[in-house]
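Working through the structure, step by step
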Amino acid sequence: MAKNSDTVIQTIIIICCFFTLVAGFLVSFVLYFSKRKNKFYQEKKEMEALFAHELLKMQFETREEALNQMGEELHDHIGQLLSSTKMLLGITERTLPQPPETLHTAQETLAQAIQDIRALSRSLNREWLDQFDLIENLEIEAARINAGQITRVTLHFSSRELSPDANTQIILFRIIQEALQNIIRHAEASQVSIEINTGAELQIHITDNGKGFNTASATGSGAGLLNIRRRAQLLGGSVQFISSPQQGCQVIITLPHQKKQL
Amino acid sequence: MAITNFLFNPTTLAELTAFIAACIMSTGKVGWWQNFFFYLLITLSVETCVHYIPFLHANRYIVFGLFMIVQAGFFSLLFLKFLSTRSSKQMLFFGMAIFVLIYIYDVSKGSFTKDYYGTLARKGLSVYIVLFSCIYYRQLLRHAGEISPLREPAFWVVTGLFFNYFVTFVIFQMRDRLLLLPDKGLHIVTILMGVLNWIFYGCWATAFTWRKIQTR
């Protein structure tokens, strides 16, 4: 009788274990499948991020290529035409017994235009871009804006040596250029300060004393702001706009050091 | 002696563990999950009363039969909360209606005056819970986007219910044979139920812990 009851207990325990295992198998299947699904979504997300990055990179390269071609065109075609015109004006001036003052002024203006076109062409040249230096170009840009005597741009650097490569520095330059253009076009600012800090991460602060804007309604809507955001995203960085009406604006660009190389 | 027997019963200890976890969880803003505290409080109160009050002990099957309404209602509310599709919710109401019919049938037959675990309503409740647990798992697998079930309180609640009701259903199918077995101090049914209740309330305690972490 005792032996019989032990056999029954053993059978029942085996049956219970079997059904517990069945339940366990079902739950394990759910967990395993969820894990595989999560892995798939993770890979999909990474691929989407990679694709978006590649797309942005391609857009940037296309744009730089177009600018390079435009630079060559300006130098080889427009520059040559202006030089020829200047030469013809010089000949005309020499043939006239009493050349008018306006002719002389026109020649000077033309000379200035040729010089500007050469500078612009040089700034769009691919070889020149490969040796790009952000600080040096910001100083030129600031001097150009300051010459207009409407907006005063001041620069502050914690160091002249920046770790990002030339391509990254070009994009940073384009971001700052875009921000400066926005300030000149819309902010009516008299003072702009550009501060570059190189610490654990590269941080650029562009501060103006203009009329400001409501960040809640403007963020992401304007093409300029969107361009700034997309370019910073391309570098794996972030942009923050701090502004309110009549309170000026501060753009903070944060870039992790060497996180993304183009 | 009776107090220690009751307190150190594996099932009571498992319930107490889950109740303590529910108490800790309820100190935060856990919203709807607060109801677990009340459910476990009722469960413990019913079991304590049945154990200590002779009149209730004598009529324990009726008490458990009445408590089954609370259980079925609460578990239905759980699934109503966890299942997101309209069709599964409709199925839930349909299942609930069938359970009510079975329960009425059992009451009319006077089944709860003689037994609890062997009743058709108890078996029906097991099938009902196992079925909707599977529907919940299906929903989890079809969920679009990333999800980590082990960090989902709902997953642990359903898993606890699923294990308990799936295996107890099998045990109670063999109940007639089990009752014939000699009682050697601790009956095999008590041991099996103790293990299953530890799995059940262990899962629930884990669910409450995750819920507490999520709402911190």
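Rules behind the numbers
- Residues numbered from 1 in each chain as written.
- Chains lettered and ligands numbered in written order.
- Predicted model: local features only at pLDDT ≥ 70, side-chain atom pairs only at ≥ 80, totals over all residues.
- Heavy atoms only, no water.
- Helix = DSSP H or I, 4+ residues; strand = E, 2+ residues; numbered from the N terminus.
- Buried < 20%, exposed > 50% of the residue type's maximum accessible area, 1.4 Å probe, protein only.
- Contact = heavy atoms within 4.5 Å.
- Polar contact = N/O pair within 3.5 Å; in protein donor to acceptor, adjacent residues only side chain to side chain.
- UniProt positions renumbered as here; feature names shortened; annotations may be inferred.
- Patch = residues over 30% accessible without salt bridge, like charges linked within 9 Å, V, L, I, M, F, W, Y side chains within 5 Å.
- Areas by Shrake-Rupley, 256 points an atom, 1.4 Å probe, with all protein chains shown as cover.
- Salt bridge = Lys/Arg side-chain N within 4 Å of Asp/Glu carboxyl O.
- Pairing = 2+ DSSP bridges.
- Axes fitted to C-alpha atoms, helices over the stretch in contact; angles between N-to-C directions.
- Phe/Tyr/Trp six-rings, centres within 6.5 Å; stacked < 30°, edge-to-face > 60°.
- Buried area = accessible area lost by both parts, 1.4 Å probe.
- Nonpolar A, V, L, I, M, F, W, Y, C, P; charged D, E, K, R; others polar.

**Some words on the side chain of N197 of chain B**
Residues and elements named next belong to chain B. Secondary-structure assignment places N197 in helix α10 (residues 188-214). You can call N197 buried: its relative accessible area is 8%. Among all residues touching N197, those that are not within four sequence positions of it are T11, A14, N164 and G202.

**What to know about the side chain of H205 of chain A**
Residues and elements named next belong to chain A. Within the fold, H205 resides in strand β3 (residues 201-208). Given a relative accessible area of 14%, H205 falls into the buried group. Here the side chain of H205 touches Q203 through a polar contact of 3.2 Å, side chain to side chain. Among the polar contacts listed, one links the side chain of H205 to the side chain of Q250, at a separation of 3.0 Å. With sequence-adjacent residues up to four places away left out, H205 is seen in contact with S193, I194, E195, N197, Q250, V251 and I252.

**Looking at the UniProt feature "transmembrane region" (unreviewed entry) in chain B**
All names here are of chain B. When the UniProt feature table is mapped onto this chain, "transmembrane region" (unreviewed entry) is found at residues 36-55, 61-83, 90-105, 125-141, 153-174 and 186-210. This span, residues 61-83, is 96% helix and 0% strand, and a straight line between its end C-alpha atoms measures 32 Å. Strand forms 0% of residues 90-105 and helix 100%; the C-alpha atoms that close the span are 23 Å apart.

**Some remarks on a nonpolar patch on the surface**
All names here are of chain A. A contiguous nonpolar patch, built from F25, F29 and F33 and spanning about 330 Å² of accessible area, is present on the exposed surface. As for its position among the elements, F33 is in helix α1 (residues 2-95). Judged by its relative accessible area of 37%, F33 falls in the partly exposed class.

**A few points about the pattern of salt bridges**
Charged atoms that come close allow side chains of opposite charge to pair. For the structure shown, the criterion picks out five salt bridges over all chains. With a closest N to O distance of 3.4 Å, E146 of chain B and K45 of chain A form a salt bridge. Taken together, the residues span two chains, with E146 of chain B in the loop between α7 (120-142) and α8 (153-173) and K45 of chain A in helix α1. According to the relative accessible area criterion, E146 of chain B is partly exposed, its value standing at 36%. The class for K45 of chain A is partly exposed, based on a relative accessible area of 48%.

**Here we look at the sheet that holds strand β5 (residues 249-256) of chain A**
Residues and elements named next belong to chain A. Taking strand neighbours across the sheet as the criterion, the five strands line up as β1-β2-β3-β5-β4 in an open arrangement whose pairing is mixed. On the outer flanks of this sheet lie β1 (152-157) and β4 (238-243), each paired with one strand and no other. Each adjacent strand pair in this sheet contributes to an overall mean axis angle of 10 degrees, direction not counted. Contacting β1, β2 (191-198), β3 and β5, helix α5 (residues 166-187) runs over the sheet at an angle of about 15 degrees to β3.

**Quick look at the packing of aromatic side chains**
All names here are of chain B. Throughout the structure, instances matching the rule amount to 36 aromatic pairs over all chains. Ring geometry for W32 versus F74: centroids 6.5 Å apart, planes at 0 degrees, classification stacked. With W32 in the loop between α2 (10-26) and α3 (35-52) and F74 in helix α5 (residues 60-82), the pair connects residues that are 42 residues apart, well separated along the chain. Judged by centre distance (4.5 Å) and plane angle (5 degrees), the ring pair of Y39 and F74 falls under stacked.

**Overview of the UniProt feature "transmembrane region" (unreviewed entry) in chain A**
Those places that UniProt annotates as "transmembrane region" (unreviewed entry) correspond, in this numbering, to residues 12-34 of chain A. A distance of 33 Å separates the end C-alpha atoms of residues 12-34 of chain A, which is 100% helix and 0% strand.

**Observations regarding the interface of chain B and chain A**
The partner chain A presents 25 residues to the 29 residues of chain B that form the contact. Carbon and sulfur atoms make up 79% of the surface buried where chain B meets chain A, a total of about 2,400 Å² over both sides. Between chain B and chain A we count one salt bridge in total. Our count for the chain B to chain A interface comes out at six residue pairs in polar contact (both at pLDDT 80 or more). Counting residues per element, the ones that place at least two in the side of chain B that touches chain A are α7, α8, α9 (175-180) and α10 of chain B. With eight residues, α8 of chain B is the largest single contributor of residues to the side of chain B that touches chain A. Split into classes, the residues belonging to the side of chain B that touches chain A amount to 21 nonpolar, four polar and four charged.

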